[in-house]
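The chain contents come next:
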Amino acid sequence: MNDKPEKLIDKKGVRLDGRKPDELRPIKIDVGVLSNADGSAYIEHGKNKILAGAYGPREVHPKHLALQDRMLLRCRYHMAPFSVQERKSPAPSRREVELSKVIRESLEPSIFMEYYPRTALDVFVEVLQADGGTRCASITAAALAVADAGIPMRDIVVACAAGKVEDTIVLDLMDEEDKLGSADVPLALMPNLNAVTLLQMDGILTVEEFEQAVNLAIEGCKKISAIQKETLKAKYVDVKEVEE
Amino acid sequence: MNDKPEKLIDKKGVRLDGRKPDELRPIKIDVGVLSNADGSAYIEHGKNKILAGAYGPREVHPKHLALQDRMLLRCRYHMAPFSVQERKSPAPSRREVELSKVIRESLEPSIFMEYYPRTALDVFVEVLQADGGTRCASITAAALAVADAGIPMRDIVVACAAGKVEDTIVLDLMDEEDKLGSADVPLALMPNLNAVTLLQMDGILTVEEFEQAVNLAIEGCKKISAIQKETLKAKYVDVKEVEE
Amino acid sequence: MNDKPEKLIDKKGVRLDGRKPDELRPIKIDVGVLSNADGSAYIEHGKNKILAGAYGPREVHPKHLALQDRMLLRCRYHMAPFSVQERKSPAPSRREVELSKVIRESLEPSIFMEYYPRTALDVFVEVLQADGGTRCASITAAALAVADAGIPMRDIVVACAAGKVEDTIVLDLMDEEDKLGSADVPLALMPNLNAVTLLQMDGILTVEEFEQAVNLAIEGCKKISAIQKETLKAKYVDVKEVEE
Amino acid sequence: MSSVITRLKQKQIAQLIEKGKRLDGRELTDYREITIEQGIIERAEGSARVLLGKTEVMAGTKVELGKPFPDTPNDGVLTVNAELVPLASPTFEPGPPGENSIELARIVDRGIRESKAIDTEKLCIEPGKKVFVIFVDVYVLNHDGNLIDASALAATAALLNTKMSKYQIEEGEVKLTSGYTQLPMKKHPITVTFAKIGNKLVVDPWLEEEQVMDARISMAFDDDDNICAIQKGGNGYFTPEQIQEAAKTAKEKAKQLRKKLDW
Amino acid sequence: MSSVITRLKQKQIAQLIEKGKRLDGRELTDYREITIEQGIIERAEGSARVLLGKTEVMAGTKVELGKPFPDTPNDGVLTVNAELVPLASPTFEPGPPGENSIELARIVDRGIRESKAIDTEKLCIEPGKKVFVIFVDVYVLNHDGNLIDASALAATAALLNTKMSKYQIEEGEVKLTSGYTQLPMKKHPITVTFAKIGNKLVVDPWLEEEQVMDARISMAFDDDDNICAIQKGGNGYFTPEQIQEAAKTAKEKAKQLRKKLDW
Amino acid sequence: MSSVITRLKQKQIAQLIEKGKRLDGRELTDYREITIEQGIIERAEGSARVLLGKTEVMAGTKVELGKPFPDTPNDGVLTVNAELVPLASPTFEPGPPGENSIELARIVDRGIRESKAIDTEKLCIEPGKKVFVIFVDVYVLNHDGNLIDASALAATAALLNTKMSKYQIEEGEVKLTSGYTQLPMKKHPITVTFAKIGNKLVVDPWLEEEQVMDARISMAFDDDDNICAIQKGGNGYFTPEQIQEAAKTAKEKAKQLRKKLDW
């Protein structure tokens, strides 16, 4: 039903939604949005609307899954049936299974897993509306949910993609750029440690373009990280003020 | 393939199968019909042919499902593939899952669950042939199967539906009345305690009509309860006579 | 796409692939072909290419499946999606479930199950390419995998089919004979004990023809048993020589 | 919760309710604060978010082309699904739908279907061959009790907010064209749930009340004050008098709730 | 059962059988009492209930329109399914079919299919496109041993009792019309099962015998005394002589059993 | 493995690697010995077996007729599946695909798809209606580490070996005729995987290295030295410098590996 746009980026380097190549989409983050979850966060990143909740440390069921020397991290990335153009069956797709794995592996390096042996930390991500870059926005929100649950962390993971659209390396691809562009490089970062915890890529890039994309994605991550930290600070300052 | 009848009930209040509005279909009940089950019952209610079996109190598998202070009641309502017009897949449908739940909840108030902590009571219902009102006939049979298993009970639950057909509130809807009528109100009762343990409704009724339907269904339950009790008495008298 | 051949066997008793009625297809067996499995074997029997691996005795998961007085034998017969003309879904078919059961039951009489109580022996069979007679070739390989794992055995089970093609009782049916012939009698044998541990049949045979087929299949088993034993001997002699 | 605390709390809650009071200060027939937002998911054909106190439920609709059922060749198809999303409660687990989410979906479905809320005949494109299929997905995001009423309300609100593509038939093929029409709605079903605690009925039980209740009963009403669906749940029972009392109260509550919907 | 009691019982049963006797008084080649009722489920196109001692099996058939398999475009389709219904035995559990019910269904299927019991060519409506599909559902209601023979007998009896709608082809569409014809049957397969206990074979093992048997063997025969299907089961073995003995006995038993069918 | 031994071994392996050495004698950027056999499964349209040291992976292709996806009506369809067959490792269990086999299949799939290895337009028979569907089934037979590279290599080798039936269109129906053509391949993607152990990267980790690695990264290259797919895995991280180092090394390694393919 969508007609293919003629150009994803014009001569002046302006993209379909008016952004410059190194510009992020609008981002809005909230933490502590759910009353039952131990920690939670909500993110709007472009048209993505994503909710993340964390439960833990808590008992592991079934028990034989418990790890003797560390916490068990479990993660589920899931899309609401109404989050995409064509209704998505609620049963987990192969894509959702893979993304659940890479999101878990992007968070795990940041968490002091050894502090809570024999317990589980469950992170649930629900994509309520999907635009390009759901996995990155999910990681950004999930890391905040874990922080909001009071789990000790080395750093707060943040994620952003870069990619290639026509001949330009651009930051933070939206849906049409993701689908019609020539490469997408989602990346998650522990910004204080300069450590990449998620890296995927599909499309076609030279090694040099890839290097540029990685650097641009890291820059994007750092900008989003600032928003993450403001959000957390605002919440805990609010709480402190309320407590005083 | 079935042609819709012109009228479900004629001017004299006679229904398609010749019954009066407040008349039950023919009912035949047997108890103790299976050699392996701890308790069992067979009911023919109209064209419904339903077998119920109870196993318990018995060990719970898997063990973590066991309840520390009471028996675990499990219930499965299941239709044979050949019980209906079009072959039903043997995998449980969403309808069967829901009915299993409401049947379990209709029986549970009648059973002294606290007498057998850490055990399970499994009630299995197999619909061999389906007419209107399978859930009610299933409850009537299942309660007898539990009684036949020697499980202590407050009362023997019994069930019957009332509903609305054209402009009349009628008792015990058969298949065509269920499908073409305007409302169906299945109800289960502990008759000695005057307590309703199942109540569902679909269709359109005013509050007043609904009140009439509930009262009619309760009357129907009481009549069926008498048949239940005769059947039980007959069996145990027979046994006693044989023993003497 | 395959055209039906005019005759499966000619006047001189020569079969489609040039064999005589009582002749086996070419057979090639290897043992110890996998580095991870405790025991393994590979068989080419006609165009069948089958790999078998055994793990055990090992811990049973989940634990409640363990048997107090004997080993638990588990067996999975599975076909690779590319092993047959039309791609086979990797999910186990009803046929594969049945064959897993009868293969397990054909091996179990030969194994001293009581030597390793509370443990499991897992036998996995993967059909990489299927010709007629996969179940028999699978058993021949699986028995060797169990022997290669060092599990004590009464005898090494071997399997072969006989059947009827046009009017002749023949040994070891290949694919086309299996599909177009009139009967197939797969049989597994403990040759030293003269004990039949698998017997199935489909098609049409008189009792007398069936007797002939059984005897012919037993003869086939004995010939294959000799190949099995040579293979084992060769491997262990090799090992011995290497060790010296 | 340990059964000792449960019993203490049950006693406390029941004693309060016996006096006509509730732990959170409500009257027995009061709902918690209700917020309804419609149209929040642009990708969905219709959507709504309902807050019932801290209980949060989202419903989204999708409209697709499909086949009618053989016995209703002139009617569009309604499919309701409910997910008890695991972030909504520590007791929800990921995995295929269990009996609670199936029951929830079927209760919501019955309210819509039996009230004839949707004018399904207007969803027919070609009798027996092509109709619009309406998917309603109920998504429970935070569970603080009374999921049934919140879900039913979110579903009705999302349907009221649903747009369908216009279409043309060209050479026997259905082509979606630009522009939208509103989903044709005839009724606005509202479901009202009671918990039985001790011998009293309370409207809109929150989680603490659900944990101690004997049984619950839910009643759906259409715009003409007719009952169109009922579901009793839980391991307890109701007296016939309590059922009649519930029906009368629910009729009034449904009218009040319906006013909160925009259409 | 604990393994001590199992072994004691095995010894006792085996000692009796060694002397040609059985715990329930039967001869080694006797069946238990057999009752066959046909046509008991009016909703099904065909049905039968078989009692073999206390073992009770019901079979029902449904006839539907469907597509033939690509390699047999002129033949109707047979589908056999078996359910080990959980009320039939404390060892049966609800859930998807396990290896025992799958094996049971496939044994029953092979007996019917290999004997060419159904004249499948007469089930063809339009070659390659439209045929009748026959579903046979075997429903085990009480398990007291030898489910195979009871199930195979119930299936054959239900098929003999099966009626199919008459039809007309109007403008390329199949229309079912009023009236029925009998399912065209060419053969009446009968399956006979032996348990091996000690070194003896016994016909129609009941549950207590199955619990101590080494192995079982089942043989299906057609009306012309041909074997059409065999299945060995269990963790033991048979000698070639025992197999031949079984075949000869089964041939006679099958003839006797077939007489109990009405057609 | 107990965590004490793991830690000892990790230390030993990491210490060696720190000095640029590996337990099995390889350089940090060496692959193990590679054997590729193509065309070993005659029943499959294409097949290959890859040995990477003791790691053994088979890939088989099947070509079937099917429908294109609605958004790519002119392209054939590629479907990649991976099975971690339980005989390949004591840690693999039978059952539906888990996250590891799904991830493996999707990595292999992306390498082929993103490099545009197959000329999918040539697989179109009738736009929007009929295309060839290529199934690639990766079958892991022995797991001694680095399943990703072995699987990707086996898949590319099997595709190179794949033949498709010739066909004619007669009266609107596709008829397969005798004779075959080669699957049209434009590129030959190769995937190179690194493990990070301590602060070093090693190419082609074997099982002992995988058990102690912090993280892995896999990069697929096309014939023009472009990266076409990347996947980081494992519970550790990489520095941006390590990622750039990996990309440069992988580019060279991919070139070397590609030479081992026959086409």
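In this text, all values refer to a predicted model and were calculated from it rather than measured experimentally.

Draft legend 1. Representation of the packing of aromatic side chains in the model. On inspection of all chains with the given rule, the structure shows 12 aromatic pairs over all chains. Here the aromatic rings of A:Phe112 and A:Tyr115 are separated by 4.8 Å at their centres, their planes lie at 15°, and the arrangement is stacked. Note on B:Phe82 and E:Tyr139: the rings are 5.6 Å apart at their centroids and 75° apart in plane angle, and the pair reads as edge-to-face. Of the two residues, B:Phe82 is situated in the loop between β4 (72-79) and α1 (94-107) and E:Tyr139 in strand β6 (residues 130-142); the pairing between them involves two chains. Take B:Phe82 and E:Tyr139: they sit in the same class, and that class is buried. B:Arg154 extends its terminal NZ or CZ atom over the ring of B:Phe112, reaching a point 4.4 Å from the ring centre.

Draft legend 2. Local environment of the nonpolar core. Ranked by internal contacts, the top residues of the largest apolar core, which has 132 residues, are A:Leu107, A:Ile111, A:Val123, A:Phe210 and F:Met219. Setting aside chain neighbours within four positions, we find A:Leu107 in contact with A:Leu73, A:Val123, A:Ile139, A:Ala142, A:Ala143 and A:Val157. Among the nonpolar cores identified, the runner-up in size contains 131 residues, and C:Leu24, C:Cys160, C:Met201 and C:Val207 belong to it.

Draft legend 3. Fine view of unusual backbone geometry. Here A:Gly56 and A:Pro57 are connected by a cis peptide whose omega angle stands at -5°. Turning to its location among the elements, A:Pro57 is positioned in strand β3 (residues 48-59). One non-glycine residue, B:Asp172, adopts positive backbone phi at about 60°. Judged by its relative accessible area of 3%, B:Asp172 is buried. Positive phi, close to 65°, is recorded for D:Asp225, a residue that is not glycine. You can see D:Asp225 is positioned in the loop between β11 (215-221) and β12 (227-233).

Draft legend 4. Quick look at the interface of chain A and chain D. On the side of chain D, 30 residues touch chain A, which itself brings 30 residues to the contact. A combined buried area of about 2500 Å² lies between chain A and chain D, and 58% of that area is made up of carbon and sulfur atoms. Looking only at chain A, the three residues that lose the most surface to chain D are A:Asn36, A:Phe82 and A:Arg87, adding up to 28% of its buried area. At the boundary of chain A with chain D, the tally comes to 4 salt bridges. On inspection of chain A and its partner chain D, the count reaches 16 residue pairs in polar contact (both at pLDDT 80 or more). Among the secondary structure elements, those contributing two or more residues to the side of chain A that touches chain D are β3, β4 (72-79) and β5 (119-129) of chain A. A class-by-class count of the residues in the side of chain A that touches chain D yields 15 nonpolar, 7 polar and 8 charged.

Draft legend 5. Region of interest: the sheet that holds β12(D). Ordered in space as β7(B)-β6(B)-β8(B)-β9(B)-β12(D)-β11(D)-β9(D)-β10(D), the 8 strands form an open sheet in which the pairing is antiparallel. Bordering the open sheet on either side are β7 (168-171) of chain B together with β10 (200-203) of chain D, each of which pairs with just one other strand. Strand after strand, the sheet turns through a mean of 20° between neighbouring axes, direction not considered. Across the sheet, helix α2 (residues 99-114) of chain D touches β9 (195-205) of chain B together with β11 and β12 of chain D, and the angle it forms with β12(D) is around 165°. On top of the sheet, helix α3 (residues 147-160) of chain D reaches β9 (190-197) and β11 of chain D; it is set at about 175° to β9(D), its chief contact.

Draft legend 6. The arrangement of the pattern of salt bridges in detail. Scanning the entire structure with this criterion turns up 124 salt bridges over all chains. Where A:Lys49 meets D:Glu42, a salt bridge forms, and the shortest distance between an N and an O atom there is 3.7 Å. With A:Lys49 in strand β3 and D:Glu42 in the loop between β1 (34-38) and β2 (46-52), this pair bridges two chains. Its relative accessible area of 52% is what places D:Glu42 among the exposed residues. Measuring nitrogen to oxygen at the nearest pair gives 3.7 Å for the salt bridge that ties C:Asp172 to C:Arg19. In this pair, C:Asp172 sits in the loop between β7 (168-171) and α3 (175-180) while C:Arg19 sits in the segment before β1 (27-31), placing the two residues 153 residues apart along the sequence. Summarising the burial analysis for this pair, C:Asp172 and C:Arg19 share the class buried. Taken together, the shared-partner salt bridges connect A:Arg15, A:Asp17, A:Arg19, A:Arg25, A:Asp131, A:Asp172, A:Asp175, A:Glu177, A:Lys179 and D:Arg43 into one network.

Draft legend 7. Representation of the interface of chain F and chain A in the model. On the chain A side, the residues contacting the 39 residues of chain F number 31 residues. Applying the counting rule to chain F against chain A returns 5 salt bridges. Among the salt bridges present, the one from A:Arg104 reaches F:Glu99, with a minimum N-O distance of 2.9 Å. Taken together, the connections running from chain F to chain A amount to 16 residue pairs in polar contact (both at pLDDT 80 or more). Mapped onto the side of chain F that touches chain A, the elements with two or more residues apiece are β4 (77-84), α2 (99-114), β11 (215-221), β12 (227-233) and α5 (240-258) of chain F. Of the residues forming the side of chain F that touches chain A, the biggest block, 8 residues, is contributed by α2(F). The residue inventory of the side of chain F that touches chain A, partitioned by class, reads 15 nonpolar, 12 polar and 12 charged. Two strands pair when backbone bridges link them, and strand β9 (residues 195-205) of chain A and β12(F) are joined in this way by 4 bridges, in the antiparallel orientation. Bridge pairing in β12(F) places A:Leu205 opposite F:Ile227.

How each quantity is defined
- Residues numbered from 1 in each chain as written.
- Chains lettered and ligands numbered in written order.
- Predicted model: local features only at pLDDT ≥ 70, side-chain atom pairs only at ≥ 80, totals over all residues.
- Heavy atoms only, no water.
- Phe/Tyr/Trp six-rings, centres within 6.5 Å; stacked < 30°, edge-to-face > 60°.
- Helix = DSSP H or I, 4+ residues; strand = E, 2+ residues; numbered from the N terminus.
- Buried < 20%, exposed > 50% of the residue type's maximum accessible area, 1.4 Å probe, protein only.
- Lys NZ or Arg CZ within 6 Å of the ring centre and 35° of its normal.
- Core = buried A, V, L, I, M, F, W, Y, C linked by side-chain atoms within 4.5 Å.
- Contact = heavy atoms within 4.5 Å.
- Buried area = accessible area lost by both parts, 1.4 Å probe.
- Salt bridge = Lys/Arg side-chain N within 4 Å of Asp/Glu carboxyl O.
- Polar contact = N/O pair within 3.5 Å; in protein donor to acceptor, adjacent residues only side chain to side chain.
- Nonpolar A, V, L, I, M, F, W, Y, C, P; charged D, E, K, R; others polar.
- Pairing = 2+ DSSP bridges.
- Axes fitted to C-alpha atoms, helices over the stretch in contact; angles between N-to-C directions.

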